[in-house]
Amino acid sequence: MSRTAESPRWLDARVRLSRGAIDVDVALSAEPGQVIGVLGPNGGGKTTTVLALAGVLQISEGLIRVGERVWDDGSRPLAPEERAVGLMLADSLLFPHLSALDNVAYGPRSRGVDRRRARDRARAELDRVGLADRARSSPRELSSGQQARVALARALATDPQLLLLDEPLAALDPDTRARTRSDLAGRLAAYDGVTVLVTHDPLDALTLADHLVFVEDGQVTQAGTPAEVLSEPRSAYVGTVVGLNLYAGQGDSHGHVRTADGGLVVTTSPTEGSVWATIPPSAVSLHLHEPEGSPRNAWRVRIASVTMQGQSARVGLVGDLALTAEVTLESVTALGLQVGRDVWAAVKATEVRTYPR
Amino acid sequence: MSLAHPAPARRRLLPVVVAAFAAVLLAGCGSAPSSADGTGQRGWSDASAAPLQGTVTVLAAASLTESFDQLKNDFERAHPGVTVETSYGSSSTLVQQVDNGAPASVIALAGTAAAEPLDKSLVKDTKNFATNVLEIAVPPSNPAGITSIDDLAKAGVKVVVCADTVPCGKAAHATFTKARIVPNVVSKEVDVKAALAKVKLAEADAAIVYHSDVVAAKDAVTGVPIERRYNTTLHYPVITLADDAASRAFVAYLLSETGLATVQSFGFGAP
Amino acid sequence: MRYAGRWRSRITLGVPAAAALLLLVVPLVTLLLRAEWARIPSDLATPNVLPALRLSLTTTSSTAVLCLILGTPLAWFLARSEHRTTGWVRALLTVPLVLPPVVGGVALLMAWGRTGLVGQHLTPLGIQIPFTTVAVVLAETFVAMPYYVLAVEGAMRGLDPRLESVARTLGASDMRYLRTVAIPLVLPGIASGLALAWARALGEFGATITFAGNFQGRTQTLPLLVYVELERDPQIAISISIMLLAVSVLVLGVLRGRWLR
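Numbering of residues starts from 1 in every chain and runs along the sequence as written. As they are written, the chains are lettered A onward and the ligands numbered 1 onward, keeping that order. pLDDT decides what is reported in this predicted model: residues at 70 or higher carry local features, side-chain atom pairs at 80 or more are listed and counted, and totals for whole chains, interfaces and linings draw on all residues regardless.

### Section: the domain arrangement of chain A
All names here are of chain A. Put simply, the rule is: For the purposes of this description, domain bounds are those given by an automatic or database domain assignment. Our contact criterion uses C-beta atoms placed from the backbone: two residues qualify when those atoms are within 7 Å. We call Asp, Glu, Lys and Arg charged. Ala, Val, Leu, Ile, Met, Phe, Trp, Tyr, Cys and Pro are nonpolar, and the rest, Gly among them, are polar.
According to the domain assignment, chain A contains domain 1 (11-238) and domain 2 (244-356). Between domain 1 and domain 2, the C-alpha centre-to-centre distance is 39 Å. Between domain 1 and domain 2, the residue contacts involve four residues of the former and five residues of the latter. Split by residue class, the side of domain 1 that touches domain 2 holds two nonpolar, no polar and two charged.

Shown next, in the form of structure tokens:
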């Protein structure tokens, strides 16, 4: 991620440390009110970054600065309790021996607020996540969705400048997840600090975050607004996340792109030099015989996998070019698409986008 | 998903196992020898005619430990076919073990009184073979400066005696009564050797033990005699429980001039 | 799971299994059969027994308190430490579990005795530990502490370390986390550790008689009294043994019902 040096951002972090087999080097910056979505494969350094921001881990190099205050510069880290930070994790991790109210009041109490005012604050926070009536409940009496909302209320009850959400919805079942996601979006809209949301669910990232950072193998591979990332993925992982066939290749002025694997893709929007080329799966049509007429791209491929997704099917193809096609269920039956079958895949040159690598 | 926190390690089991194993080995070093073998004792009515064979199991008062170890060696050398197995403890414990069916050919006790609880139906023969008197054992440095029995009553002197249930404890109690003193007894040990050990370790300032124990302890303790008028003389009986030739031969050897001399060389008096 | 047939395995395994059970059960049942139940109340009220009973209760309670205030922090460090030496510290802790108690008594004498490594420096100060009730508590703590520390450490290890991360970001210092989250959550482990340690202390014999000696009202605890009474009046020894057996069964029953699975 590129940063301009002239105006320091409100959150300015460069997290560098080694943990286990990976060397993490992740830069994040944001202004108050922003939600940064951090995505990436498991074990890629997302959680390590969050723990370093929280103060659970210390960075070996770099800087973590929030507002005017330096939290860690690689030598004198502030302890977690000295940072204005809120942390929420996948399993909610409520204190099982405390009521919902006391869970939320725990932060203010730990920071020296007296019992009555801490409870008042906790009640207000529970109210904001719609759980005012469950204040007396113990965590095990709450549903998983309610537990997640209490955990969010607890993380926000200390007025953190930085809110860290590590896979906050991962432990929920799909229905609860959708509802809790919208609760979370509502609550985050009213929060004026910076939120760092770690997730591997693109839907979480696209609905909740206004800036995305992809971390793979400890490095940032792409950063930008959701719109930028959706249209121009810049790594295989990002391509998968946004659901596009993505190829690194060499383009020429005639619209030919030679992919790294030796495949040939033709486009009507040529870019010269090192390029990324994308093909939407929905633009891929499958044929039993070599197609005639308009499509400029046609590859001989073999079906490697077929998976259902609602009313359509995703067909994994290998051959002249490895790609994924999205076809209707009717065509699956009509063409008799089975794993192992040899077919032709065709894409119009107008559907292929290229942009510099 | 889960934070990358350190997982609780399971490797830590190894040192635990190693340590436990080492401790078990240590414990094993102190295990008791194998039990007595009571076979091969019958049918030797004429002891002088044929070489003796068999096993003689001897239970003896703790104060007899050193002298009976010597007797055992001498007797076994004279009679290669015989194995003498010895077990030492407080007289009262030994008597109780015999009453509860412990296999024993011969039992030697500190004091005739100790023999009273013994099941009389088991007794084949009783003879006294030694006497012993009480003595004060003090550490060689004698930290409490004890020179007579009266010194035991001085404030702060830590005295260890045998438990009231064993002969040396009973005798010590009688001695204190005769001397009209009330010493500061800090512990009543289960037998005379345990009482002596506390002095050897210098944990106690004095212990009431037998003269023979002081002799046996050599340089580890110093003896302070107790005047005859306060002292108690114990007569040591040897009781034959088994009827076999080897057992009778062992008792005969003990009562012979050589045997008595051996016992007396360890600080015991003549019977 | 039950399968039909398999008589051979039932016999080849059943016979030694039954023998093992008998080895354990017969002595205990015999003890119950040999007891003169009507005598037990009066036996336990004899002038010999009451001081031993009182001493056993006070020393075992002191041991439990020592375990609580010294053992809990040790368990805490063991549970959190990732250092290599932790494994060896833990191994060291288990040694008293399997060490013959009398060896423990000798070791205690070597350390705390009048001429011992530590004791020789205490003597000039007028402090002498052997033959005192303090020695009984030391001996009992020596054998009982490992039970407590290992039980509590296990419970603490069961805590999700992320709870601490959350508590810390909420502003809790590590002491506050310990007090408000860790301790309340491991209370069952602390309670079962205390019960185990207490029961072990109550039964302690070898280290006590070696290190603390045997004196009524000062160092003669119930097990020592059982040993001595066996030679004077075996029936009293049996009565006390029955009481100790009952207490052990009670402790185990409480542990099984509440905390052990």
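### As for the sheet that holds strand β11 (residues 245-251) of chain A
All names here are of chain A. In plain terms, the rule: Being paired, for any two strands, means DSSP has found at least two bridges between them. Secondary structure elements follow DSSP: runs of H or I no shorter than four residues count as helices, runs of E no shorter than two count as strands, and numbering proceeds from the N terminus. Axes, fitted as lines to C-alpha atoms, cover a helix only where it is in contact. Angles between the N-to-C directions of the axes lie from 0 to 180 degrees.
What the five strands build is an open sheet, ordered β13-β12-β11-β14-β20; its pairing is antiparallel. Either end of the sheet is taken by a strand with one partner, and the two such strands are β13 (264-266) and β20 (353-356). On average, adjacent strands in this sheet sit at an angle of 40 degrees to one another, irrespective of strand direction. Sheet topology places strand β14 (residues 273-279) next to β20; four bridges connect them, and they run antiparallel. For W276, the partnering residue across the bridge sits in β20 and is Y355.

### Here we look at the nonpolar core
Rules: Each nonpolar core consists of buried Ala, Val, Leu, Ile, Met, Phe, Trp, Tyr and Cys residues. Their C-beta atoms, within 7 Å, join them into a set. In this scheme every C-beta is placed from the backbone, and a residue whose C-beta has 20 or more other C-beta atoms within 10 Å is buried, one with 12 or fewer is exposed, and one in between is partly exposed.
Ranked by size, the top nonpolar core spans 211 residues in total, and within it A:V196, B:A108, B:A137, B:A207, C:Y148 and C:A197 carry the most contacts. In terms of residue count, helix α7 (residues 133-157) of chain C provides more of this core than any other element does, 17 residues in total. Non-local contacts of C:A197, meaning those with residues more than four positions away in its chain, are made with C:T63, C:A64, C:C67, C:A144, C:M145, C:Y147 and C:Y148. If you look at the next biggest cluster of nonpolar residues, it comprises 24 residues, including A:L246, A:V265, A:V315 and A:L317.

### Notes on the packing of helix α4 (residues 144-156) of chain A against helix α5 (residues 174-189) of chain A
Residues and elements named next belong to chain A. In plain terms, the rule: For classification purposes, an angle smaller than 35 degrees is called roughly parallel, one larger than 145 roughly antiparallel, one from 65 to 115 roughly perpendicular, and anything else oblique. By definition, turning the near helix anticlockwise from the far helix through less than a right angle yields a left-handed crossing, and turning it clockwise yields a right-handed one.
α5 packs onto α4 with a crossing angle of 20 degrees between their chain directions and a minimal axis gap of 10 Å. Considered as vectors, α4 and α5 are oriented roughly parallel to each other. Here α4 and α5 pass one another in a crossing that is right-handed. Residues S144, G145, A148, R149 and L152 of α4 pack against T176, R179, T180, D183, L184 and R187 of α5. Here the contact of α4 with α5 is composed, by residue class, of three nonpolar, four polar and four charged.

### Focus on the sheet that holds strand β17 (residues 312-319) of chain A
Residue and element names in this part refer to chain A. Across the sheet, five strands lie side by side as β15-β19-β16-β17-β18; this open sheet has antiparallel pairing. Taken across any chain shown, the strands that pair with only one partner, and hence form the sheet edges, are β15 (285-287) and β18 (323-328). Across the sheet, the axes of successive neighbouring strands diverge by a mean angle of 45 degrees, strand direction being ignored. As defined by bridge partners, strand β16 (residues 297-309) adjoins β17 across eight bridges and the pair is classed as antiparallel. By the bridge assignment for β17, V306 is matched with V315.

### A short note on the environment of A:A84
Residues and elements named next belong to chain A. Assignment of secondary structure puts A84 in the loop between β5 (69-72) and β6 (85-88). In sequence terms A84 and Q161 are 77 residues apart; their C-alpha atoms lie 5.4 Å from each other. Apart from the residues lying within four places of it in its own chain, the contact partners of A84 are P160, Q161 and L162.

### Describing helix α3 (residues 49-80) of chain C
Worth spelling out the cut-off: Expected span, for any helix, means 1.5 Å times one less than how many residues it has. Bend at a given residue is defined as the angle between two axes, one fitted to the seven residues that end at that position and one fitted to the seven that begin there.
Compared with an ideal rise of 1.5 Å per residue, which puts 32 residues at 46 Å, α3(C) spans 45 Å between its outermost C-alpha atoms and is within 8% of the ideal. Largest kink in α3(C): about 40 degrees, centred on C:G71, with the proline C:P73 one to four residues after it.

### Thoughts on the packing of α3(C) against α7(C)
The angle between the axes and the distance between the axes are what describe a pair of packed helices. Residues and elements named next belong to chain C. In contact at an axis separation of 6 Å, α3 and α7 are set at 40 degrees when each is read in the N-to-C sense. Taken as axis vectors, α3 and α7 run oblique relative to one another. Note on packing geometry: the crossing formed by α3 with α7 is right-handed. In terms of residue class, the contact of α3 with α7 is made up of 16 nonpolar, eight polar and three charged.

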